[in-house]
Amino acid sequence: MMQRHSMYLYPWDLRDEGAGNVADRLRATGIDGVTLATSYHAGKFLRPHAPSGKVYFPEDGTVYFTPDSALYRELVPQRARMADDYDALRAVATNAADLAVTAWTVGLHNTRLGQAHPHLTTQTVYGDKLVNALCPAQPEVRHYLTALCVDTATQPGVGEIALETPGWQAFRHGHHHEFELIELPDRVQVMMGTCFCPACRAGAAAAGVDIAGLADDTRHQLDRFFAEGTPPATNPQTDPDWQAYIAWRAGTVTGLVAEIVAAIPANVGLAIIPTTQTPNSLCWIEGSDLAALAKVADRLEVPAYQTGVAQIAEDAAWVRKRAGDDARIGYIVRPTFPHLADSAEVVQAVSALRALGPSSISFYNYGHMRLSALDWIATALA
């Protein structure tokens with residue numbers, strides 16, 4: 001099967017630089033596809049080669065097409081104001097029909113919807129509602145994400161959806177001005193980020209998990225940590241009760257992905273971005289079982305965001321081993337600072353990833369990098 005090479009793109013970069021101009025630059029590097037943000041969150045982005053406006057603030061929790069309201073129930077996506085005047089998907093279809101289009105869809109990381117519907121968000125063991133993260137165990141959330149993918153699949157030129165954040169978010173996930181004045185060990189971050197909302201408690205209990213006992217013990221250990229600084233004694237990666245809960249969470253996310261695959265048109269593929277963590281071995285925190293997801297989705301789309309060629313290769317090889325020899329895996333490379341230092345390192349990283357038999361290699365992100373990075377990519381793909 002021919003290996004694809006795609007570039008991650010934002011709609012505002014296409015608008016400001018022109019879809020035709022961007023497409024010409026990508027073709028010249030050997031890129032044959034675009035992975036275009038169609039559902040996205042807030043940010044503060046520096047754009048080195050933007051013709052004007054070097055800093056861009058995207059509108060939080062919005063989509064870059066006109067959603068079909070008939071598909072949704074309680075949770076309804078909001079069209080970004082930018083999309084009132086510029087249809088990025090149609091611009092690509094018109095100016096770059098030869099480039100394969102993957103719709104980059106941020107799923108359950110949505111602060112706008114979380115603030116409007118806090119009862120559908122992840123809840124800490126204390127009942128705090130983490131409004132930046134919708135909970136995939138909630139039936140209304142599952143309906144929303146499935147409808148969003150169905151809606152996206154019908155947009156002009158979309159041949160595939162790359163679904164990011166289909167599961168739970170880690171406790172630290174870049175929410176606006178995240179702040180704390182005590183050091184949080186890894187176990188505390190896991191415990192504080194794990195959802196104990198009513199839907200999760202009910203689902204886990206039905207599966208035989210002692211969720212009440214786990215919640216009580218977790219709260220007790222966190223209470224002691226916050227009062228005295230004593231780290232939790234329990235290791236979620238080895239404790240039997242935690243492992244049972246983690247397995248239920250993974251099944252919940254895998255089941256949701258299977259529901260989405262069944263709902264979208266058969267001619268539109270579904271790739272799963274299983275984690276926003278680095279390295280990928282932390283994906284279990286978000287409810288991702290790589291082998292299980294690879295079986296229900298068309299492929300995995302995996303960030304290769306370590307620093308340096310050796311660490312990128314090691315992390316990617318772990319993903320291949322974990323997902324299985326038959327898994328279709330695409331890798332995402334950041335061909336620039338701080339991950340790779342120069343053209344030679346980009347060549348080496350791409351070569352190492354190709355040795356793992358990927359279905360695609362993609363590059364992140366056109367708007368963030370200097371245009372000179374395109375020359376590095378061209379050399380690597382030559």
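Look a little higher up for the structure.
Residues numbered from 1 in each chain as written. Predicted model: local features only at pLDDT ≥ 70, side-chain atom pairs only at ≥ 80, totals over all residues. Heavy atoms only, no water.

Draft legend 1. A look at the side chain of Thr 124. Mapped onto the elements of the fold, Thr 124 is located in the loop between strand 8 (121–123) and strand 9 (129–134). For Thr 124, the side chain forms a polar contact with the side chain of Asp 128, separated by 2.7 Å. The residues contacting Thr 124, other than those within four sequence positions of it, are Leu 130, Met 192, Thr 194 and Phe 196. (Helix = DSSP H or I, 4+ residues; strand = E, 2+ residues; numbered from the N terminus. Polar contact = N/O pair within 3.5 Å; in protein donor to acceptor, adjacent residues only side chain to side chain. Contact = heavy atoms within 4.5 Å.)

Draft legend 2. Fine view of the pattern of salt bridges. Applying the stated criterion to the full structure yields 16 salt bridges. Notably, a salt bridge pairs Arg 27 with Asp 24, separated by 2.8 Å at the nearest N-O pair. One end of the pair, Arg 27, and the other, Asp 24, are both in helix 2 (residues 19–29), 3 residues apart, so they sit about a helical turn from each other. The exposure class of Asp 24 is partly exposed, given its relative accessible area of 48%. Its salt-bridge partner being Arg 299, residue Glu 301 comes within 2.7 Å of it at the nearest N-O pair. Assigned by exposure class, Glu 301 and Arg 299 land together as buried. Salt bridges linked by common partners bring Asp 13, Arg 15, Asp 16 and Arg 47 together as one network. (Salt bridge = Lys/Arg side-chain N within 4 Å of Asp/Glu carboxyl O. Buried < 20%, exposed > 50% of the residue type's maximum accessible area, 1.4 Å probe, protein only.)

Draft legend 3. Fine view of the packing of helix 12 (residues 343–354) against helix 13 (residues 372–381). It is the contact of helix 12 with helix 13, at a shortest axis distance of 8 Å, that shows an interaxial angle of 45°. Put simply, helix 12 runs oblique to helix 13. Classified by chirality, the crossing of helix 13 by helix 12 is right-handed. Listed contacts from helix 13 to Ser 343, Val 346, Val 347, Val 350 and Arg 354 of helix 12 are Trp 376, Ile 377, Thr 379, Ala 380 and Leu 381. (Axes fitted to C-alpha atoms, helices over the stretch in contact; angles between N-to-C directions. Parallel < 35°, antiparallel > 145°, perpendicular 65-115°, else oblique. Left-handed = near helix turned anticlockwise from the far one by under 90°.)

Draft legend 4. Looking closely at helix 13. Restricting attention to buried positions, one finds in helix 13 the residues Ala 373, Leu 374, Ile 377, Ala 380 and Leu 381. Across the axial projection of helix 13, the buried residues extend over an arc of 120°, all falling on one side. Looking at the buried positions of helix 13, the neighbouring elements they touch are strand 1 (4–9), helix 2, helix 12 and strand 14 (360–363). (Arc of directions from axis to C-beta.)

Draft legend 5. Focus on the packing of aromatic side chains. Applying the stated criterion across every chain yields a total of 21 aromatic pairs. Between the aromatic rings of Tyr 245 and Trp 248, the centroid separation amounts to 5.8 Å while the plane-to-plane angle is 10°, which identifies the pairing as stacked. Here the residue Tyr 245 and the residue Trp 248 both occupy positions in helix 9 (residues 240–263), the gap between them amounting to 3 residues, near one helical turn. We classify Tyr 245 as buried; its relative accessible area is 0%. Taking relative accessible area as the criterion, Trp 248 reaches 15% and is therefore assigned buried. Grouping aromatic residues by their ring pairs yields a cluster made of Tyr 8, Tyr 10, Trp 12, Tyr 40, Phe 45, Tyr 56, Tyr 64, Trp 104, Tyr 305 and Tyr 364. Lying across the ring of Trp 168, Arg 249 places its NZ or CZ 4.2 Å from the centre. (Phe/Tyr/Trp six-rings, centres within 6.5 Å; stacked < 30°, edge-to-face > 60°. Lys NZ or Arg CZ within 6 Å of the ring centre and 35° of its normal.)

Draft legend 6. Quick look at the environment of Asp 151. Its place among the elements puts Asp 151 in helix 5 (residues 139–153). Owing to a relative accessible area of 2%, Asp 151 belongs among the buried residues under this scheme. In sequence terms Asp 151 and Leu 99 are 52 residues apart; their C-alpha atoms lie 21 Å from each other. Those residues in contact with Asp 151 that sit more than four places away from it in its chain are Phe 65, Pro 67, Asp 68, Leu 71 and Tyr 72.

Draft legend 7. The arrangement of the pairing of strand 10 (residues 158–164) in detail. The buried count for strand 10 comes to 6 of 7 residues, which makes it a mostly enclosed element. Relative to strand 10, strand 7 (residues 100–106) is paired through 6 bridges, and the arrangement is parallel. By the bridge assignment for strand 10, Val 101 is matched with Val 158. Where strand 10 and strand 11 (residues 269–273) come together, 5 bridges link them in parallel fashion. Following the sheet pairing, Ile 161 is matched in strand 11 by Leu 270. (Pairing = 2+ DSSP bridges.)

Draft legend 8. Geometry of the environment of Ser 372. Mapped onto the elements, Ser 372 comes out in helix 13. According to the relative accessible area criterion, Ser 372 is partly exposed, its value standing at 35%. Placed 217 residues apart in sequence, Ser 372 and Gln 155 show a C-alpha to C-alpha distance of 32 Å.

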